[in-house]
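The lines below spell out each chain.
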Amino acid sequence: FTAYTDGNNAVLEWSTTSESNNYGFEIQRCVNMNSDFKRIGFENGNGTTSEPRSYQFVDSDLPEGTYIYRLKQIDFDGTSVFSHTAEVTIGLPADFELYQNYPNPFNPITTISYSLPQSGHVELSIYNVKGEKVNKLVDEYQKSGKYDFQWNARDWNGTEVSSGIYYVQIKALNTTQFRKMTLMR
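A brief structural summary. Here the structure is a predicted model, which is why all the values come from computation and not from measurement.

1. A short note on the overall build of the chain
If you tally the helices and strands in the chain, you get zero helices and 15 strands. Here the C-alpha radius of gyration of the chain, 20 Å, is well above what a compact globule of 185 residues would show, namely 16 Å. Counting only C-alpha atoms and orienting by the principal axes, one finds that the chain spans roughly 60 × 35 × 20 Å. Within the chain, the fraction of its 185 residues that count as buried is 36%. Residue pairs in contact within the chain that sit at least 24 positions apart in sequence constitute 57% of those at least 6 positions apart. As displayed, the chain offers around 10500 Å² of accessible surface, 45% of which is attributable to carbon and sulfur atoms. Averaging the positions of the 16 positive and the 22 negative side-chain charges in the chain gives two centres separated by 6 Å.

Here you go:
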């Protein structure tokens, strides 16, 4: 069970490897851990199946703030179990940060994410272990917010790079940050 933001929406995703007597999933939300969880939606289950199933629920047009979600899986006989919680924050990021890419190790595509608490010029580049610039993904002025970019393990010319260690570097807001990435072909 995971949650992430898409603008002012919280996107909740979960999957099952199989289901037995599954009536469905009640989606619950609370604003902070001192408040009670409230039902905000329901997704029907698939009864009994040995097939994997994926689910998604979008909590739309949320005001700025932090939201905590959980699922209440309910069987046809009324028994239920709660999932772990997942948290999202809607609004402007508080800090400038380059997050660890995912997946890592990767082959051949990885997602690189960062947050900008204020607008500014951003450069996002990929380097090899020799310190040579392999590619530049971003070189532009960007508004504050959270950004995700995919790197397809190709250099400036579109040629696939070899397996190994690479570094992603971000320069913005008079700060530079690096993260180590591993490409395994």
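Once the structure has been displayed, the description carries forward.
2. Points about the sheet that holds strand β2 (residues 9–16)
Spatial ordering of the open sheet is given by β1-β2-β5, a layout of three strands whose pairing is antiparallel. Two strands bound the open sheet, and with one partner strand each, they are β1 (2–6) and β5 (53–59). Ignoring which end each strand starts from, the neighbouring axes of this sheet average 25° apart. Sheet analysis places β2 next to β5, joined by seven bridges and oriented antiparallel. Within β5, the position partnered with Leu12 by the bridge is Phe57.

The rules behind these values
Residues numbered from 1 in each chain as written. Predicted model: local features only at pLDDT ≥ 70, side-chain atom pairs only at ≥ 80, totals over all residues. Heavy atoms only, no water. Helix = DSSP H or I, 4+ residues; strand = E, 2+ residues; numbered from the N terminus. Rg over C-alpha atoms; globule rule 2.2 N^0.38 Å. Buried < 20%, exposed > 50% of the residue type's maximum accessible area, 1.4 Å probe, protein only. Contact = heavy atoms within 4.5 Å. Areas by Shrake-Rupley, 256 points an atom, 1.4 Å probe, with all protein chains shown as cover. Lys, Arg positive; Asp, Glu negative; His and termini not counted. Charge placed at Lys NZ, Arg CZ, Asp CG, Glu CD. Pairing = 2+ DSSP bridges. Axes fitted to C-alpha atoms, helices over the stretch in contact; angles between N-to-C directions.

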